[in-house]
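Listed below are the residues making up each chain.
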Amino acid sequence: MDSLARYKTSSNYVPPCSDLMTMAERELSAFFNAVTQLFGSEQAELSAEDWLHELIEIDGLPTSAREWSLITTKVSTRLPSGVNTSSRSTEFTNA
């Protein structure tokens, strides 16, 4: 028996549910915070709903950080093209 065989991961490996939840929480949280900073809380809430809708629409759960990022990338293409500069300028004047 190959002594390394037990350490090789299968191409069909699916992380435990808790790992998937952690990846999802991190990705959505980072996306939500970035959209809030750039476009405001209203747009962040709408974008978070879009993100969750995309998650529901895919066939099966993503199993890697890269696959979670693909959801974020797809949803981010729907963001407005302009950045809300008024919220950014207020942040810098209050600092």
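Keep in mind it's a predicted model, so treat the numbers as computed, not measured.

A few words now on the overall build of the protein chain. Broken down by element type, the protein chain carries 4 helices and 0 strands. For the protein chain, the α and β elements follow one another from N to C terminus as α-α-α-α. With 95 residues in all, the protein chain has 23% of them scored as buried. A separation of at least 24 residues holds for 58% of the contacts in the protein chain among residues at least 6 apart in sequence. Carbon and sulfur atoms make up 55% of the accessible area of the protein chain, which totals about 7,000 Å².

As a further point, take helix H2 (residues 41-57). With 17 residues, H2 extends 24 Å from end C-alpha to end C-alpha; this agrees with the ideal 24 Å at 1.5 Å per step. Taken together, the buried positions of H2 are Ala44, Ser47, Ala48, Trp51, Glu54 and Leu55. End-on view of H2: buried residues confined to an arc of 120 degrees, all on one side of the axis. The exposed residues of H2 that point more than 90 degrees off its buried face are Glu42, Glu49, Ile56 and Glu57. Where H2 is buried, its residues meet helix H1 (17-39) and helix H3 (65-76).

A complete count under the given rule lists 1 aromatic pair for this structure. Aromatic side chains tryptophan 51 and tryptophan 68 sit 5.9 Å apart centroid to centroid with 10 degrees between the ring planes, which places their arrangement in the stacked category. Of the two residues, tryptophan 51 is situated in helix H2 and tryptophan 68 in helix H3; the sequence distance between them amounts to 17 residues. Here tryptophan 51 falls in the buried class, since its relative accessible area comes to 1%. The class for tryptophan 68 is buried, based on a relative accessible area of 2%.

This brings us to a negative patch on the surface. A contiguous patch of negative charge, built from Glu42, Glu45, Glu49 and Asp50, is present on the exposed surface. Residue position: glutamate 42 is located in helix H2.

What follows is about the packing of H1 against H3. Look at H1 against H3: their axes get within 10 Å of each other, and the N-to-C directions meet at 30 degrees. When the interaxial angle is binned, H1 and H3 end up roughly parallel. Considering only the axes of H1 and H3, their crossing is right-handed. In this structure, H1 contributes Leu20, Met23, Ala24, Glu27 and Phe31 to the contact, and H3 contributes Ala65, Trp68, Ser69, Thr72, Val75 and Ser76. Partitioned by chemical class, the residues of the contact of H1 with H3 number 7 nonpolar, 3 polar and 1 charged.

What counts, and at which threshold
Residues numbered from 1 in each chain as written. Predicted model: local features only at pLDDT ≥ 70, side-chain atom pairs only at ≥ 80, totals over all residues. Heavy atoms only, no water. Helix = DSSP H or I, 4+ residues; strand = E, 2+ residues; numbered from the N terminus. Buried < 20%, exposed > 50% of the residue type's maximum accessible area, 1.4 Å probe, protein only. Contact = heavy atoms within 4.5 Å. Areas by Shrake-Rupley, 256 points an atom, 1.4 Å probe, with all protein chains shown as cover. Expected span 1.5 Å × (residues − 1). Arc of directions from axis to C-beta. Phe/Tyr/Trp six-rings, centres within 6.5 Å; stacked < 30°, edge-to-face > 60°. Patch = residues over 30% accessible without salt bridge, like charges linked within 9 Å, V, L, I, M, F, W, Y side chains within 5 Å. Salt bridge = Lys/Arg side-chain N within 4 Å of Asp/Glu carboxyl O. Lys, Arg positive; Asp, Glu negative; His and termini not counted. Charge placed at Lys NZ, Arg CZ, Asp CG, Glu CD. Axes fitted to C-alpha atoms, helices over the stretch in contact; angles between N-to-C directions. Parallel < 35°, antiparallel > 145°, perpendicular 65-115°, else oblique. Left-handed = near helix turned anticlockwise from the far one by under 90°. Nonpolar A, V, L, I, M, F, W, Y, C, P; charged D, E, K, R; others polar.

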